[in-house]
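Per-entry structural report
Here's the letter readout for the chains.
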Amino acid sequence: MNLYVDVGNTALKMGLDKGDMVESVSLSTIPWAQINTVVVGQVGKRELLSDLINAANIHNVGVVEAKVTPTLKQLKCGYALYQNLGIDRWLAVIACHYLYPSENIIIVDSGTATTVDGLTAAGQHLGGWIIPGLDMMSDSLTRHTQKVFSDPLSPFATEFGVNTPNAVKNGSLVSTLGCVALAKSQYFQKEGCQVVFTGGYGALLQKHIENSIFVKDLVLLGLKYWHQNQG
């Protein structure tokens, strides 16, 4: 059994290989005697991994770090300088390529930042956009203006705001949704596409895009498919 580890900007997520899915696990509940390899995808700080790496070393379990490559079997990276693509985005692309074969896909990962990537049915990654996540978008507006303010209690919604916190947070949501809508119309208007959401705000965004899908552990699944397709 393999252990998959997603080191994000603010948190570390881990999952055990359970066939077609991954099962969430914490550092204290890892069944080390059953682990063959730890497979890591890292965009956040290396320090988040220190306790896990120490535990793997104690149990003589090898650690493999996923890297972005120009191709992975039929899948092709959209960046000419492929090393500059975040591994989390590449892993999300890999997961969608294998979860939804022969489909055009818009992939939206919304957490600290929101990334929007395109993937063709033939396996060509089209590149993507990076915008502030919902919280960062709201916070940056309030920090750089004199009279605009928000609050932590106002929900994100699509209606016009009837007070300033509503207007700020709703504006952040509809800006993000507009980005997704433009990606669909600009790249897949004729052929159509599947929209796949993941990340901390993925479930919220998914509710506003018809016929879209939310996949909680998309990056962890990407690590699984990345590792299966090495060599």
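First things first, this report covers the structure right here in the doc.

Rules used throughout
- Residues numbered from 1 in each chain as written.
- Predicted model: local features only at pLDDT ≥ 70, side-chain atom pairs only at ≥ 80, totals over all residues.
- Heavy atoms only, no water.
- Helix = DSSP H or I, 4+ residues; strand = E, 2+ residues; numbered from the N terminus.
- Rg over C-alpha atoms; globule rule 2.2 N^0.38 Å.
- Buried < 20%, exposed > 50% of the residue type's maximum accessible area, 1.4 Å probe, protein only.
- Areas by Shrake-Rupley, 256 points an atom, 1.4 Å probe, with all protein chains shown as cover.
- Lys, Arg positive; Asp, Glu negative; His and termini not counted.
- Charge placed at Lys NZ, Arg CZ, Asp CG, Glu CD.

Moving on, we get to the overall build of the protein chain. Counting secondary structure elements, the protein chain contains 6 helices and 12 strands. A compact globule built from 231 residues would reach a C-alpha radius of gyration of about 17 Å, and the protein chain, at 19 Å, matches this within 12%. Across its three principal axes, the protein chain shows a C-alpha extent of roughly 60 × 40 × 30 Å. Burial status across the protein chain gives 46% buried among its 231 residues. For the protein chain, the accessible surface area stands at approximately 11,800 Å², while carbon and sulfur atoms represent 53% of it. On the protein chain, the mean spot of the 16 positive side-chain charges and the mean spot of the 18 negative ones are 3 Å from each other.

Here the focus is unusual backbone geometry. The phi torsion at Asn60 lies on the positive side, around 55 degrees, for a residue other than glycine. Mapped onto the elements of the fold, Asn60 is located in the loop between helix H1 (50-58) and strand E5 (62-65). Relative accessible area serves as the criterion here: at 74%, Asn60 is assigned to the exposed category. With a phi angle near 65 degrees, Asn211 is a residue other than glycine that sits in the positive phi range.

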